[in-house]
Each structure stands twice: as C-alpha cells, then as structure tokens.
Amino acid sequence: MTYNFAFLDEDTKRMLRRSLLKAVAIPGYQVPFGSREMPLPYGWGTGGIQVTAALLGPDDVLKVIDQGADDTTNAVNIRRFFARVAGVATTERTVDATLIQTRHRIPETSLREDQILVFQVPEPEPLRTLEPREAETRTLHALADYGLMHVKLYEDIAQYGHIATSYDYPVRVDGRFLTSPSPIPKFDNPKLHQSPALMLFGAGREKRLYAIPPYTQVESLAFDDHPFEIQHWEHQCELCGSGESYLDEVIVDDRGTRMFVCSDTDFCGQRRAEAQA
Amino acid sequence: MSVLLKVRNLSRHYGTRVGCEDVSFDLHPGELLCIVGESGSGKSTLLNTVAAQLAPTSGSVSYRQRDGQWLSVNALSEADRRRLAREEWGFVTQNPRDGLRLNVSAGANVAERLMALGMRNYSQLRGIARSWLERVEIDPERIDDAPTGFSGGMQQRLQIARTLVTQPRLVFMDEPTAGLDVSVQARILDLLRRLVNELGLAAVMVTHDLAVARLLAARTIVMQRGRVVETGLTDQILDDPQHPYTQLLVSSVLTT
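Residues numbered from 1 in each chain as written. Chains lettered and ligands numbered in written order. Predicted model: local features only at pLDDT ≥ 70, side-chain atom pairs only at ≥ 80, totals over all residues.

**So, the sheet that holds strand β9 (residues 208–212) of chain A**
Residue and element names in this part refer to chain A.
- Spatially, seven strands are ordered β1-β9-β8-β5-β4-β2-β3 in an open sheet, and the strand pairing comes out mixed. Two strands in the sheet have a free side with no partner beyond their single neighbour: β1 (31–32) and β3 (89–90).
- Pairing of strand β4 (residues 99–103) with strand β5 (residues 116–120), which is carried by four bridges, proceeds in the parallel orientation. Its bridge partner lying in β5, L99 is registered against I116. (Pairing = 2+ DSSP bridges. Helix = DSSP H or I, 4+ residues; strand = E, 2+ residues; numbered from the N terminus.)

**Focus on the environment of B:N95**
- Mapped onto the elements of the fold, B:N95 is located in the loop between β6 (89–92) and α3 (96–99).
- In sequence terms B:N95 and B:G152 are 57 residues apart; their C-alpha atoms lie 8.8 Å from each other.

**Observations regarding the domain arrangement of chain B**
Residue and element names in this part refer to chain B.
- Domain boundaries in chain B define domain 1 (1–88 + 168–256) and domain 2 (98–167).
- A C-alpha centroid distance of 25 Å is found between domain 1 and domain 2.
- Of the residues lining the interface, 13 residues belong to domain 1; the matching set on domain 2 comes to 13 residues.
- At the level of elements, α2 (78–87) and α7 (182–199) are the ones that each hand at least two residues to the side of domain 1 that touches domain 2.
- A total of six residues in the side of domain 1 that touches domain 2 trace back to one element, the largest contributor, which is α7.
- A breakdown of the residues in the side of domain 1 that touches domain 2 according to their chemical character gives nine nonpolar, one polar and three charged. (Domains from an automatic or database assignment. Contact = placed C-beta atoms within 7 Å. Nonpolar A, V, L, I, M, F, W, Y, C, P; charged D, E, K, R; others polar.)

**Topic: the interface of chain B and chain A**
- The partner chain A presents 14 residues to the 16 residues of chain B that form the contact.
- Mapped by element, the contributors of at least two residues to the side of chain B that touches chain A are α2, α4 (106–116) and α5 (122–135) of chain B.
- The dominant element in the side of chain B that touches chain A, judged by the number of residues it contributes, is α4(B), at six residues.

**Quick notes on unusual backbone geometry**
Residues and elements named next belong to chain B.
- For D22, which is not a glycine, the phi torsion comes out positive at approximately 55 degrees.
- Overall, the presence of 14 C-beta atoms within 10 Å leaves D22 in the partly exposed class.
- At E137, a position not held by glycine, the phi torsion is positive, near 65 degrees.
- Of note, E137 is situated in the loop between α5 and α6 (152–164). (Buried ≥ 20, exposed ≤ 12 C-beta atoms within 10 Å, placed from the backbone.)

**A look at the domain arrangement of chain A**
All names here are of chain A.
- According to the domain assignment, chain A contains domain 1 (10–220) and domain 2 (232–277).
- Distance from the C-alpha centre of domain 1 to the C-alpha centre of domain 2: 26 Å.
- Every contact between the two is made by 14 residues of domain 1 and, on the other side, seven residues of domain 2.
- Looking at side-chain class alone, the side of domain 1 that touches domain 2 contains four nonpolar, four polar and six charged residues.

**Observations concerning the nonpolar core**
- Judged by nonpolar contacts, the single largest core of 78 residues is most densely connected at A:Y154, B:I35, B:L133, B:A161, B:V204 and B:M205.
- Setting aside its immediate chain neighbours within four residues, B:I35 contacts B:K43, B:L46, B:L47, B:V204, B:V206, B:I221 and B:M223.
- Ranked by size, the runner-up nonpolar core spans 50 residues in total, among them A:A69, A:I100, A:L117 and A:M199. (Core = buried A, V, L, I, M, F, W, Y, C linked by C-beta atoms within 7 Å.)

**Let's talk about the confidence of the model for chain B**
- On average, residues of chain B carry a pLDDT of 90, and 98% of them reach 70 or more.
- On the interface metric, ipTM, the complex scores 0.85, and its pTM is 0.88. (pLDDT = per-residue confidence, 0-100.)

**Some words on the packing of helix α5 (residues 147–160) of chain A against α4(B)**
- Where α5(A) meets α4(B), the closest approach of the two axes is 9 Å, and the angle between their N-to-C directions is 140 degrees. By the angle class used here, α5(A) and α4(B) are oblique. Relative to α4(B), the crossing made by α5(A) is right-handed. Two secondary-structure elements touch here, α5(A) through A:G147, A:H150, A:V151, A:Y154, A:E155 and A:A158 and α4(B) through B:G107, B:A108, B:A111, B:E112, B:M115 and B:A116.
- Taken together, the residues that form the contact of α5(A) with α4(B) break down as seven nonpolar, three polar and two charged. (Axes fitted to C-alpha atoms, helices over the stretch in contact; angles between N-to-C directions. Parallel < 35°, antiparallel > 145°, perpendicular 65-115°, else oblique. Left-handed = near helix turned anticlockwise from the far one by under 90°.)

**What to know about the pairing of strand β2 (residues 61–66) of chain A**
Residue and element names in this part refer to chain A.
- Counted residue by residue, β2 has five buried out of six residues, so it is predominantly covered.
- Both β2 and β3 contribute to a ladder of two bridges, which runs parallel. Looking at β3, one finds that L62 is bridged to T90.
- Note that the unit made of β2, helix α3 (residues 73–85) and β3 has a crossover that is right-handed.
- Looking at chain direction, β2 and β4 are connected through five bridges and run parallel. Within β4, the residue paired with L62 across the bridge is L99. (Right-handed = clockwise from strand over helix to strand, strands pointing away.)

**Description of the sheet that holds strand β4 (residues 58–64) of chain B**
Residue and element names in this part refer to chain B.
- Pairing in this open sheet of four strands is antiparallel, and the strands run β2-β1-β4-β5 from one edge to the other. At either margin of the open sheet sits one strand with a lone partner, and together these are β2 (17–27) and β5 (70–72). The average angle at which neighbouring strand axes cross in this sheet is 25 degrees, direction not considered.
- Two elements, strand β1 (residues 5–14) and β2, share seven bridges in a ladder whose sense is antiparallel. Residue pairing for β2: L10 is matched across the bridge by V23.

**Looking at the pairing of β1(B)**
All names here are of chain B.
- The antiparallel hairpin formed by β1 and β2 contains two residues in its connecting segment, where G15 sits at a positive phi of about 65 degrees.
- Pairing between β1 and β4: five bridges, direction antiparallel. Note on β4: the bridge partner recorded for L5 is Y63.

**Some words on helix α7 (residues 265–276) of chain A**
All names here are of chain A.
- The end-to-end C-alpha separation of α7 is 17 Å, in line with the 16 Å expected for 12 residues at 1.5 Å each.
- Inspection of α7 places T265, D266, F267 and C268 among the buried residues, and these make up the whole buried set.
- Looking at the packing, one finds that the buried side of α7 touches β12 (258–262). (Expected span 1.5 Å × (residues − 1).)

**Remarks on the environment of B:E137**
All names here are of chain B.
- On the neighbour-count criterion, E137 (14 C-beta atoms within 10 Å) is partly exposed.
- Spatially, the C-alpha atom of E137 lies 9.2 Å from that of L158, the residues being 21 residues apart in sequence.
- Discounting chain neighbours no more than four positions away, the residues touching E137 are R157 and L191.

Dropping the structure here:
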C-alpha cells in the first residue's frame, strides 16, 4: 500500500495551510482547524505531525527532537514516520534542517530565517487552569482581558517565594495575545523573542493552531518587583562542558550518583566533536 | 447631590412569565437601597437586570460615571460592560463560592481585581490584600490559605473584601447574609454598614429580611409578583406600611 506524500491527503493539507496562514497573520491567536486522526495517540504530537505534514516538500530536511534529544522514542518514531510516508531526508543536525518538529525544547543552536520550528502542544489555552469555560476564555482573549494570568503568578510567589512556573511559562505575543509557548522550559522563552525562524504550534486533540511569525515581540509575563528569570545551574555539562545550555539531571546508578548533561543532544555532540578535532 | 443610577420602567420577562415589571427608581451617591419581598417576587431578577447581567425586556438603566457622563447601561458593548463591572461596580453574591475563586489563596482573591486593572507590583498587591483582610476582620496571617478552608461567614467577608478592594462607586448585593447564622449575620451587617459609610458607597441590596433593611437602608422598595408595591423611607415603610402586602410582611416578622 502507498500513502499520499506525507500521509495526509491534499485537501487536508490545504485546510491546514489555510489555517496556518491565518495563524501567521494574527500572531498568537488560536485558529481552530479540522484535526485528523493520526496513526499514533493523542499526546504523542498529533498536532505537530499534522503541521509538519502540511509543510513538508520533497526537498525538505527534517529534524525531530523530544526534550532536546534526537534519539528518544517519540523523536525516532516521528522521524521514521516521515522518512517512510514522505521519503524526505532526515538529520540530527540543527544547522542542516529546514524543518524541525520539537517537543518541549527549542534547540540551543540559533535558528535561521530559512528554518521553521513546529511545536507539539498539549494545551493551547494558557488560561485553562484558571478558567475552565472555553466561551469565557475566548471572550477574555477577544477583550485582551488578561489580569487572570497574573493570579497564577501571584499564587506562585505567595506559595514558593518566587515565580515557580518553570515550563509552559505564559507569554504575550506582539503585545496582544496571551499565548502558551507549549511546555518548553522558561529557559527557552527568550529564544521566542525576535526569532528569525517561523514558529508554528499545533494542538491535535484541542484542534488549535497558532504561530509566532519571525521577528515578533514576545514578552514573558512578570511582576515589576519579581521580573522574569530563566533557570541557572551551578554545574556545567559533564560531556561537553557547556555552561550556557539547558541541563538535564540524570541519575546514573543505584546509589543516586547524579550527572548534569545538555538536554540538546545535537548541540552537545557538536561541541564534543569540535573539542576532539 | 445628583443622581448616580436611574432606572426607568424596567421589565424583564422569562417568556410569558414576569420576572420584574415596570420598575423605576433613582439611586444617589452614598445611598443604600434595599429591595425586599418574598422569594419569587422578582428581587434578584431586578438586581441582575439593573447590574446588566440580564438583558431587560423593556425599560432603561442609566449610570453616571466617575467623569460625570451618563451611560446607557443596556446599550453598552461587552467590553464596556466588563470595564464598568471591573472599575466602577461590584457584585456580592449570596453564595460566596459563586463570587470567589476557590482554587487560589485568599490574597489572590482580593488582589485579582487590582491585577485586572493592571497593577503589577507584587509587594504592593500583597500589602493591599493584607490591609483589606484586616478591614473585613480576617486574620492577615491567613492571606495564603485557600478560601475552601474558611467558614461561611469568613468566605462572605472575603468576597466583600475582594469586591470593595478597587473602591467601586456602586455595589450590588444579592442576599449577602442569607444562609449564615444569626450572630455571623449581625457581624457582617455591622461590617457592611461601617464600610459603606467609610467609602461613601452607593449600594443596592436584595434581602428578604426586614431587619437587614431596617439596619442598613435609608430607603426600601417592596416587591410582590415582580411589581413594586410600596417604596419610601425604610422606617416609614416598616412603622407605617400602607400596602396590604407590606403590612403582612411587617406583621409576620418574629419579635422577641
């Protein structure tokens, strides 16, 4: 049996592209779309895969990462899926990729204007935990009535002494729409601001798409006396020695020995290769 | 003093049933008006219609803003209606759980309206929340506790603090003391009377309890089957009721 190029039929891809164009035209606005059943479960990135399928051309080079790594189950399967149904070239190198689908990270290597980053989004609505009614959250977006989001940040400071939200940290896109950056660590939030690369977000189960176009202002919410801060580590990556990248803490034996390594495997690997050369 | 709120020939029907019919009154700044009547008499419908939470079937509500301009409340856009409800009005519900945000702390509940108005300084927000908890006689040490752990009376006082923190000019209250036991009721009424005087608030309060009207309100409206049957100074109405229904209400109050 043969599949249509990139799995989805052409009409579906057309529908997706129209929604994506609208999303780019209104930065941060959640555009509804007709999400399809995909051959993997919700929560595995069905939204991101549909966006990727709509964008892929035969000449594209695809990179897929999951928590920064190229070699985890989710990343390997999605990469293999597109290699099979679209026959496109795949890579693990950020600089070689034209299209990068990601779950929970933005690569450490700076992106370029000719690259597109596709995010997998579980919950596109940043206000959802505070306001369960969809009709109400839509009204709040329409009226740009976002005081509610600060209630969550207030609760963080009241309970933990600082803004403890460390991932899916809410942002205001282009001074207008309150937007969820997907569950990336807040470490990556500054990379959203004025990014040269187009950033697209797909939520398959929630049937929403949104976008942060290139060179758009993205501001992370905060209080005047508790400004936005990213994570810092006292460690450096034990493999490549980087002190600037996002580190994962890995337990390596049964006695609780810990090791800090870059979460971005490509970045770490390139640095080690350079060090050896 | 000039009028703050003008209600003219206001009606609200639910299909063929009447919620309230042909109600008119004026409210002056700093005045507390009580609407009394038995349950089902249209008190809450009237309150919700005046507060623009329900659309009237006919009639009009006009409100004079801080800047002196008259607003036609029924003709407001959703955005303007919300702005008015946030900046100049307050609404206290009968059940504090409807008016509070139960999954966040007491402090966040008090500070929410301030954050909606754009205040972005945490320590300032906290300071104001603390002082308001104190004003409504809640221990400021409980600022980080969830309102679910508060007693009914405390929840109601928290809701009052949350509503009054932005210093609204007009507050609507729907049976704020119903469902509380008598000693707690007395304390909340005392608190309300003090705050209304301190802040110079105008308020419209719905109650079925004539004692509440006697204690708080200068003027009272008596409703029956959606219509106003008697209106006037509270003492006058309670001491010398003219309408047979008001006479019945007054005579049915338990006295000790």
